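Reading the structure
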Amino acid sequence: MNKHWTLDDIPWDRFDRSLADDGTIKVIKAAALTEYNARHYTTYLRNIFHADAAFQQIALVWAEEEVQHGLALGRWSELADPGYDFEQAFKKFTTGYVIPVDKDKSIRGCLQSELLARCLVETGTSSMYSAIADHTDEPVLKLLCRKIAADEFRHYKLFYTYMQKVPEPEKASLLARVKVAVGRLREVDDDELAFAFHCANEKDQPYDLQRCNNAYSRQAFSYYGRYHIERAVGMIFKAVGLKPHSWMSSLASTYAEKVMQGRVAA
Ligand SMILES: [Fe+2]
Ligand SMILES: [Fe+2]
């Protein structure tokens, strides 16, 4: 496989603990767990694309890049918190967070909707790693986040390109695409990130979705500036099939900014 970079390309010895803040370490630990779990989702993706051998191969390569993000961020987490055991936290995460993968049809209704949902996830990851890279002064994390964000933008393009190629019966109407996008955005508040935050950062407390979701989003949204939000909203509009730069996208950016600022202040 032709990876764009490997863990050996990262100058780990330049890590500077004094430049890593505790809130960022918590978010990175949680992100590492979800990234590292990509192979699991790929099983589902390969099952629903059972008739498309080319895409199945693409999904395998994609998953290995996500797994590498998990490994890199996990390694950074262990540098930042020497008592932290990334593999052990990952075990806890995958034991408690199980998604059914034995499907032969997309849970989003059709393949185009599934790819749209993927584009939204890549929008979320590319914007978050870009925002963290702009925020942090810790040199290893800054470099890692830049490299990972570049991968996530490329993943978005990959899924977006494939969205346009699905056969006619697997296409979704504009209304259906809007519904999928809204539904996927709402899923940000589901268990995945909140439970990852719990497994990565909490030892003595039982899991609580609301509390962990608040703690995660308060920190994760704090990195976003207007620029990151506008770019992400533009990517979402484009994936849905709407004009990425319009009065509607500008309105949506303002709304998203308000929601995110509200979460940070909560
Ligand atoms: Fe990733
Ligand atoms: Fe990605």
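Worth saying up front: this structure is predicted, and the values here are computed from it rather than measured.

Digging into the overall build of the protein
On a plain count of helices and strands, the protein comes out with 11 helices and 0 strands. In sequence order, the protein lays out its α and β elements as α-α-α-α-α-α-α-α-α-α-α. Over its C-alpha trace the protein gives a radius of gyration of 18 Å, about what one expects of a compact globule, namely 18 Å for 266 residues. Its C-alpha atoms give the protein principal-axis dimensions of about 55 × 40 × 35 Å. Looking at the protein residue by residue over its 266 residues, the buried ones come to 41%.

Describing the packing of helix α5 (residues 111-135) against helix α7 (residues 174-186)
At a minimum axis separation of 9 Å, α5 and α7 run at an interaxial angle of 40°. Looking at the two axes, α5 sits oblique to α7. Crossing handedness for the pair α5 and α7: right-handed. For the pair α5 and α7, the contacting residues are S113, L116, A117 and L120 in the first and A176, R177, V180, A181, R184 and L185 in the second. Of the residues that constitute the contact of α5 with α7, the class distribution is 7 nonpolar, 1 polar and 2 charged.

Quick word on the nonpolar core
One finds A30, L33, L116, A196, F197 and Y216 to be the most contacted residues of the largest nonpolar core, which totals 68 residues. Apart from residues lying up to four places away in sequence, L33 is in contact with A89, F90, F93, A196, C199 and A200.

Details of the environment of F159
Structurally, F159 is set in helix α6 (residues 139-163). With 14 residues separating them in the primary sequence, F159 and S173 have C-alpha atoms 18 Å apart. The contact partners of F159, leaving out residues within four places of it in the chain, are L115, R118, C119 and E122.

Here's the deal with the packing of helix α2 (residues 38-48) against helix α3 (residues 53-80)
Following both chains from N to C, one finds α2 and α3 inclined at 170°, their axes separated by 9 Å at the closest point. With respect to each other, α2 and α3 are oriented roughly antiparallel. Every residue of α3 that contacts α2 at A38, R39, T42, L45 and R46 is listed here: Q56, A59, L60, A63, E66 and V67. Of the residues assigned to the contact of α2 with α3, the class counts are 6 nonpolar, 2 polar and 3 charged.

Some points on the environment of S253
Mapped onto the elements, S253 comes out in helix α11 (residues 247-265). Those residues in contact with S253, other than ones at most four positions away along the chain, are I229, E230 and V233.

A word on the confidence of the model for the protein
The predicted model of the protein averages 95 in pLDDT, with 99% of residues at 70 or higher. Mean pLDDT in the protein bottoms out at α2, which sits at 91, and peaks at helix α1 (residues 22-36), which reaches 98.

A few points about the environment of Y255
Relative to the elements of secondary structure, Y255 occurs in helix α11. On a C-alpha basis, the gap between Y255 and Y224 in space is 14 Å, while along the polypeptide they are 31 residues apart.

Reading the values: the criteria
Residues numbered from 1 in each chain as written. Chains lettered and ligands numbered in written order. Predicted model: local features only at pLDDT ≥ 70, side-chain atom pairs only at ≥ 80, totals over all residues. Helix = DSSP H or I, 4+ residues; strand = E, 2+ residues; numbered from the N terminus. Rg over C-alpha atoms; globule rule 2.2 N^0.38 Å. Buried ≥ 20, exposed ≤ 12 C-beta atoms within 10 Å, placed from the backbone. Axes fitted to C-alpha atoms, helices over the stretch in contact; angles between N-to-C directions. Parallel < 35°, antiparallel > 145°, perpendicular 65-115°, else oblique. Left-handed = near helix turned anticlockwise from the far one by under 90°. Contact = placed C-beta atoms within 7 Å. Nonpolar A, V, L, I, M, F, W, Y, C, P; charged D, E, K, R; others polar. Core = buried A, V, L, I, M, F, W, Y, C linked by C-beta atoms within 7 Å. pLDDT = per-residue confidence, 0-100.

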